[in-house]
Amino acid sequence: MNQVVQSLLIVGGVLFVALNIAAGLIWLERRLLALWQDRLGPNRVGPFGLLQVLADVIKIFTKEDWVPPFADRPVFVIAPAVIIVAVLLSFAVIPFAPGIVVADLNVGLLFFLAMSSLGVYSVVLAGWASNNKYALLGGLRSAAQLLSYEVFMGLSLMGVVMMAGSFRLSDIVEAQRGLWFCIPQFLGLVIFFIAGLAESHRLPLDLPEAEAELVAGYHAEYSGMKFGMFFVGEYLGITVLSAMIVTLFFGGWLGPILPPIVWFLLKTFVLICFFILLRASLPRPRYDQLMAFGWKRMLPLSLVNLAVTGGVLLAVG
Amino acid sequence: MLSVLDTIWTVFLHMFRKRETVQYPEEKPYLPPRYRGRIILSRDPDGEERCVACYLCAAACPVDCISLQATETEDGRRYPEFFRINFSRCIFCGFCEEACPTYAIQLTPDFEMGDYQRQNLVYEKEDLLISGPGKYPDYNFYRVAGLAIRGKGKGEGENEMPPVDVYDLVP
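Residues numbered from 1 in each chain as written. Chains lettered and ligands numbered in written order. Predicted model: local features only at pLDDT ≥ 70, side-chain atom pairs only at ≥ 80, totals over all residues.

> Just to check I follow, could you spell out the overall build of chain A for this structure?
A tally of regular secondary structure across chain A gives eleven helices and zero strands. When the elements of chain A are put in sequence order from the N terminus, they spell out α-α-α-α-α-α-α-α-α-α-α. On C-alpha atoms alone, chain A measures out to a radius of gyration of 20 Å, which is about the 20 Å that the 2.2 N^0.38 rule sets for 317 residues. The dimensions of chain A, computed from C-alpha atoms along their principal axes, are 60 × 50 × 45 Å. (Helix = DSSP H or I, 4+ residues; strand = E, 2+ residues; numbered from the N terminus. Rg over C-alpha atoms; globule rule 2.2 N^0.38 Å.)

> Explain the overall build of chain B here, please?
Secondary structure summary: chain B contains five helices and five strands in total. In chain B, the succession of α and β elements from N to C terminus is α-β-α-β-β-α-β-β-α-α. Relative to a compact globule of 171 residues, whose C-alpha radius of gyration would be 16 Å, chain B shows 25 Å and is clearly more extended. Counting only C-alpha atoms, chain B reaches 95 × 45 × 30 Å along its principal axes. Expressed as a percentage of the 171 residues in chain B, the buried residues total 16%. Within chain B, contacts between residues separated by at least 24 positions form 69% of all contacts whose residues are at least 6 apart in sequence. (Buried ≥ 20, exposed ≤ 12 C-beta atoms within 10 Å, placed from the backbone. Contact = placed C-beta atoms within 7 Å.)

> So what exactly am I meant to see when it comes to helix α1 (residues 2-36) of chain A here?
One full turn of an α-helix is made of 3.6 residues, so residues set three or four places apart face in the same direction. The end-to-end C-alpha distance of α1(A), which contains 35 residues, comes to 48 Å, matching closely the 51 Å that a straight helix rising 1.5 Å per residue would cover. The sharpest bend along α1(A) comes to roughly 30°, located at Leu25(A). Among all positions of α1(A), only Ala18(A), Ile21(A), Ala22(A), Leu25(A), Trp27(A), Leu32(A), Leu35(A) and Trp36(A) are buried. Residues of α1(A) that are buried make contact with α2 (52-62), α3 (73-91), α9 (224-249) and α10 (260-281) of chain A together with α1 (2-13) of chain B. Asp38(A) sits one or two residues past α1(A) and shows a positive phi near 60°. (Expected span 1.5 Å × (residues − 1). Bend = angle between axes of the 7 residues up to and from the residue.)

> Please explain the environment of Lys18(B) as it appears in this structure.
By secondary structure assignment, the location of Lys18(B) is in the loop between α1 and β1 (39-41). Here Lys18(B) falls in the exposed class, since 6 other C-beta atoms lie within 10 Å of it.

> So what exactly am I meant to see when it comes to the sheet that holds strand β5 (residues 122-123) of chain B here?
Adjacent strands of a sheet form backbone hydrogen bonds with each other and so pair up, either parallel or antiparallel. Pairing within the open sheet is antiparallel, and its three strands lie in the order β2-β3-β5 (chain B). At either end of the open sheet lies a strand with only one pairing partner, and these are β2 (66-72) and β5 of chain B. (Pairing = 2+ DSSP bridges.)

> Before we go on, may I ask you to explain unusual backbone geometry in this structure?
Excluding glycine, residues mostly carry a negative phi; peptide bonds, for their part, are mostly trans. All names here are of chain A. For Asp38, which is not glycine, the phi dihedral falls at a positive 60°. Tracing the sequence through the fold places Asp38 in the loop between α1 and α2. Positive phi outside glycine occurs at Ile257, with the angle close to 60°. Within the element layout of this structure, Ile257 appears in the loop between α9 and α10.

> Sorry if this is basic, but what is going on with helix α4 (residues 108-129) of chain A here?
Relative to the 32 Å expected for 22 residues at 1.5 Å per residue, α4(A) spans 32 Å between its end C-alpha atoms, a close match to the ideal helical length. The positive-phi residue at the C-terminal boundary of α4(A) is Asn131(A), with phi of around 60°.

> Looking at this structure, I do not really get the pairing of β2(B). What am I missing?
Within a regular beta strand, the side chains point alternately toward one face of the sheet and then the other, so they alternate between its two faces. Residue and element names in this part refer to chain B. Where β2 lies against strand β3 (residues 78-86), seven bridges are found, and the strand directions are antiparallel. Each residue of the ladder has a partner; that of Leu68, found in β3, is Phe83. Hairpin connection between β2 and β3: a loop of five residues separates the two successive antiparallel strands, and Gly76 in this loop has a positive phi of roughly 100°.

> What's the story with the packing of helix α5 (residues 133-164) of chain A against helix α11 (residues 287-316) of chain A in this structure? I'm lost.
Residues and elements named next belong to chain A. The N-to-C vectors of α5 and α11 enclose an angle of 15°; their axes lie 9 Å apart at closest approach. Considered as vectors, α5 and α11 are oriented roughly parallel to each other. As α5 packs across α11, the resulting crossing turns out to be left-handed. For the contact of α5 with α11, the residue count by class is 17 nonpolar, nine polar and one charged. (Axes fitted to C-alpha atoms, helices over the stretch in contact; angles between N-to-C directions. Parallel < 35°, antiparallel > 145°, perpendicular 65-115°, else oblique. Left-handed = near helix turned anticlockwise from the far one by under 90°. Nonpolar A, V, L, I, M, F, W, Y, C, P; charged D, E, K, R; others polar.)

> I'm lost on the interface of chain A and chain B in this one. Help?
Interface size is commonly expressed as the accessible area that is lost once the parts come together. With eleven residues of chain A at the contact, the number on the chain B side is eleven residues. Listing elements by their share of the side of chain A that touches chain B, those giving two or more residues are α1 and α10 of chain A. Here the element with the most residues in the side of chain A that touches chain B is α10(A); it accounts for four residues. Here the residues of the side of chain A that touches chain B are counted per class, giving seven nonpolar, two polar and two charged.

> Is there a simple way to think about the pairing of β3(B) in this case?
Pairing of β3(B) with β5(B) involves two bridges; the strand directions are antiparallel. In the strand pairing of β5(B), Asn86(B) is matched with Val122(B).

> Where do I start with the nonpolar core in this structure?
Most often, soluble globular proteins have nonpolar side chains that are buried together. Core analysis: the largest hydrophobic core is formed by 80 residues, its most contacted members being Ile94(A), Ala195(A), Leu236(A), Met244(A), Ile245(A) and Leu248(A). By residue number, the principal contributor to this core is α9(A), which donates 15 residues. Discounting residues that sit within four places of it in the chain, Ile94(A) has contacts with Val101(A), Leu169(A), Ala243(A), Met244(A) and Thr247(A). Ranked by size, the runner-up nonpolar core spans 18 residues in total, among them Cys51(B), Ala53(B), Ile85(B) and Tyr123(B). (Core = buried A, V, L, I, M, F, W, Y, C linked by C-beta atoms within 7 Å.)

> How do you make sense of the confidence of the model for chain B when you look at a structure like this?
Should pLDDT be low for a region, the predicted coordinates there are not to be read in detail. Residues and elements named next belong to chain B. Mean pLDDT over chain B works out to 88, with 100% of the residues at or above the 70 mark. Confidence, read as mean pLDDT per element, is least for helix α5 (residues 141-144) in chain B (84) and greatest for helix α3 (residues 95-99) (93). Among the prediction metrics, the complex's ipTM stands at 0.78, with pTM recorded as 0.77. (pLDDT = per-residue confidence, 0-100.)

> I would appreciate a short explanation of the packing of α3(A) against α4(A) in the present structure.
Residues and elements named next belong to chain A. Where α3 contacts α4, the two axes come as close as 8 Å, and the packing angle between them is 165°. If you check the angle between α3 and α4, you find them roughly antiparallel. Viewed along their axes, α3 and α4 form a crossing whose handedness is left-handed. Between α3, through Val75, Phe76, Ala79, Pro80, Val82, Ile83, Ala86, Val87, Leu89 and Ser90, and α4, the contact on the second element is made entirely by Phe112, Met115, Ser116, Leu118, Gly119, Tyr121, Ser122, Leu125, Ala126 and Ala129. Residues belonging to the contact of α3 with α4 are distributed by class as follows: 16 nonpolar, four polar and no charged.

Pasting the structure below:
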């Protein structure tokens with residue numbers, strides 16, 4: 001009985017923290033972007049503009065939720081829910097601290113990769129169901145982008161798996177007790193980072209939405225909370241991605257003095273800020289450049305990384 | 001690749017730069033003296049209205065937001081009976097100021113005229129008239145113009161010659 005209550009508490013806690021972080025990121029992103037563009041950002045509502053989050057949430061909940069008559073209604077409604085469900089499910093396998101994990105699966109890493117693939121459906125279906133040429137173009141691009149970056153996203157992590165000898169995320173964290181994997185697996189980290197950026201279609205790799213050319217891409221026809229779901233899905237996406245990078249490459253909860261959960265949250269926060277810094281600094285590549293970069297550079301590099309890691313591990317024993 | 005890292009680093013360093021934002025209601029922006037804001041009607045150094053109700057401003061106004069009616073005092077000075085500017089139409093182009101022959105109508109560095117009711121944006125003469133001469137402190141139209149009013153005949157203005165009787169020149 002006690003066990004059940006404890007797991008329910010963990011599930012509720014993870015859900016609560018994840019959704020609150022996603023909402024808080026609205027404010028954090030705007031403040032940080034302003035910081036790097038010599039501005040101040042939202043600082044009027046509440047202390048440091050923190051209540052801006054509340055104002056944004058109220059606004060998005062009370063907006064008209066309009067389904068265009070030409071859209072494929074059931075798919076149109078389901079699409080935004082898919083991304084939220086997929087991303088929230090990937091939170092289930094992330095070990096925040098020893099014992100604080102919803103489901104410590106022995107195939108945790110594969111589960112995460114599967115869920116991030118499921119998230120692609122949301123974008124593609126939204127683009128298709130909107131029945132709008134810009135949305136369709138956005139959906140099309142995202143299908144190509146996400147599928148091609150998925151290939152080496154998995155491959156780049158195999159080095160980590162080989163070194164840890166397990167797909168279980170808590171084992172991977174424990175294996176980094178001596179040395180964080182970001183040093184021996186630096187190439188894997190860079191490749192996974194870029195692939196993750198493409199998977200969460202954040203700027204600079206936000207080709208599916210590309211405001212300048214595709215209006216808003218796949219969510220051009222969405223409004224109100226349905227649009228909000230994509231928005232929250234994107235923020236949850238970077239949160240889960242940062243948490244994964246911390247788990248796989250930066251030693252998860254490991255760290256001196258401070259309690260493990262604090263270390264984990266601190267590292268995740270720094271990575272999220274880095275994602276926002278990338279948004280502030282880099283321009284969006286052209287579509288064909290993105291494809292060429294993925295297939296001609298990243299894929300061979302991740303294969304090399306895989307082969308070298310395997311060879312070294314075999315040689316060392 | 002290196003240039004990408006350089007870009008990221010440069011943007012990161014912008015964190016420590018001075019902010020460009022002017023926090024408006026608390027901190028006012030600098031407006032130059034010739035800024036084109038709220039329109040006023042000025043008075044000459046003697047405290048009389050400068051406006052001679054010539055209608056040139058109303059004619060120059062591209063959005064027809066100025067409306068006035070000319071009348072005359074017993075002295076022979078023209079002045080507007082009413083002078084009305086509808087600021088909900090005004091585009092602050094400054095053409096009225098350029099058209100004005102007596103420097104009466106002037107634009108000022110003030111833009112804080114927001115209101116909740118359109119009717120409140122229609123300014124009457126009392127709202128437009130100020131007590132001073134505005135941007136041209138020493139200018140007095142009637143002192144330099146050749147027009148005869150009570151207390152000043154023809155040719156008695158500044159830099160003016162007495163009028164010539166052209167029939168004197170007939171041979």
